[in-house]
Amino acid sequence: MSRRPTRRRPARRGPRRRKSPVPVNLWVLGLIGMVAVSLVMAVVSWLAAHPWVVLLALLVAAGAGALWTHRRQEAARWSRVRAQGLRYAVEHLDGLHYTQFEYAVRDLMRRDGCQDARQVGGRGDNGADVKATDPFGRRWVIQCKHRKAGWSGSAVGTPDLQVLNGTGRQIHGGDVLVMLTNGRFSAPALDFASSQRLHLVDRHLLAQWAAGSTPLWELLRAVPSPRKPTALS
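What counts and what doesn't
- Residues numbered from 1 in each chain as written.
- Predicted model: local features only at pLDDT ≥ 70, side-chain atom pairs only at ≥ 80, totals over all residues.
- Heavy atoms only, no water.
- Buried < 20%, exposed > 50% of the residue type's maximum accessible area, 1.4 Å probe, protein only.
- Helix = DSSP H or I, 4+ residues; strand = E, 2+ residues; numbered from the N terminus.
- Pairing = 2+ DSSP bridges.
- Right-handed = clockwise from strand over helix to strand, strands pointing away.
- Salt bridge = Lys/Arg side-chain N within 4 Å of Asp/Glu carboxyl O.
- 1 Å grid on protein atoms, 1.4 Å probe; cavity = no way out; pocket = protein on both sides within 12 Å on 5 of 7 lines; lining within 4 Å.
- Points joined across faces, edges and corners; volume = space filled by probe spheres on them.
- Nonpolar A, V, L, I, M, F, W, Y, C, P; charged D, E, K, R; others polar.
- Axes fitted to C-alpha atoms, helices over the stretch in contact; angles between N-to-C directions.
- Parallel < 35°, antiparallel > 145°, perpendicular 65-115°, else oblique.
- Left-handed = near helix turned anticlockwise from the far one by under 90°.
- Contact = heavy atoms within 4.5 Å.

Asks: Can you tell me about the pairing of strand E4 (residues 176-181), naming the residues and giving the values?
Replies: Of all six residues that make up E4, six are buried, and the element is covered over most of its length. Because side chains alternate across E4, one face comprises the buried residues Val176, Val178 and Leu180, and the other comprises Leu177, Met179 and Thr181, equally buried. Looking at chain direction, strand E3 (residues 139-145) and E4 are connected through six bridges and run parallel. Residue pairing across strands places Trp140 opposite Val176, the latter belonging to E4. The β-α-β motif built from E3, the intervening helix H5 (residues 158-167) and the parallel element E4 has right-handed crossover chirality. As paired elements, E4 and strand E5 (residues 199-201) share three bridges and run parallel to each other. By the bridge assignment for E5, Leu180 is matched with Val201. Chirality of the crossover, the property in question, places the unit of E4, helix H6 (residues 187-195) and E5 among those that are right-handed.

Structure (structure tokens):
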């Protein structure tokens, strides 16, 4: 009996390779480009035929720019007017948060002509809460100590003055170092300030400065001589 020939199993074929996706037809992109160029040319041609539209747009833009500049100048002028008329009653300063107190001192320095006065108090302030340059070029470094109880609060002592004395000139480059409070100073603090050429502003002097119109440098004694005149002069 003859044996039937064994059937060979068909060899396994590997996975069929997927055909790469059909690339975007370049003619579609070309058509889009042609349409865009045609639209631009049509707009340019229309504007060339109607030059008054371009002129009108330029006039509107110029008018808007002039109006914006005028309003900005007016706002700056009124800001100067408000600053010149700024007054604070010392009782009002008592009710401020200590940060608001620092901003109030900054505003008073601006009122006196220190255009660059800024509040810098906070963590790592190195003994300075307000810094400013007066119209005579002198650099002011002011440390503020707010007391909710005013004169009845704790007196500002020598430790605070020592911090100001150690950083005011060396770190901040100050010419006039001021410790300012709506309260009072201890007797040792008064002696220390005198020996180190530090200027003290207590509640009474603060009330005179804040409620009046006399610059702080005219209320303090032995303020350094003016520097060479600067842009703020």
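After presenting the structure, the write-up continues.
Asks: Tell me about the pattern of salt bridges, and please be specific about residues and values.
Replies: Counted by the stated rule, this structure contains six salt bridges. Between Arg111 and Asp112 there is a salt bridge, with its nearest N and O atoms 3.2 Å apart.

Asks: An account of the layout of surface pockets is needed here, citing residue identities and associated values.
Replies: Of the volumes computed, that of the second largest pocket is approximately 310 Å³. Where the lining of the second largest pocket is concerned, the elements lending two or more residues are H6 and E5. When the residues that make up the lining of the second largest pocket are grouped by side-chain class, the tally is nine nonpolar, two polar and five charged.

Asks: Lay out the packing of helix H4 (residues 98-111) against helix H7 (residues 203-211) in plain terms, naming residues and giving numbers.
Replies: Axis separation between H4 and H7 bottoms out at 10 Å; the angle between their running directions is 55°. By the angle class used here, H4 and H7 are oblique. The way H4 lies across H7 gives a crossing that is left-handed. Along the contact surface, H4 presents Phe101, Val105, Leu108, Met109 and Arg111, while H7 presents Leu206, Trp209 and Ala210. Here the contact of H4 with H7 is composed, by residue class, of seven nonpolar, no polar and one charged.

Asks: Could you give an account of the sheet that holds strand E1 (residues 118-119), with specific residues and numbers?
Replies: Strands sit in the order E1-E2-E3-E4-E5 across an open sheet of five strands; the sheet is mixed. Lying at the two open borders of the sheet, with one neighbouring strand each, are E1 and E5. As paired elements, E1 and strand E2 (residues 130-133) share two bridges and run antiparallel to each other. Of the residues in E2, the one forming a bridge with Arg118 is Lys131. Running at roughly 150° to E3, H4 makes contact with E1, E2, E3 and E4 of the sheet.

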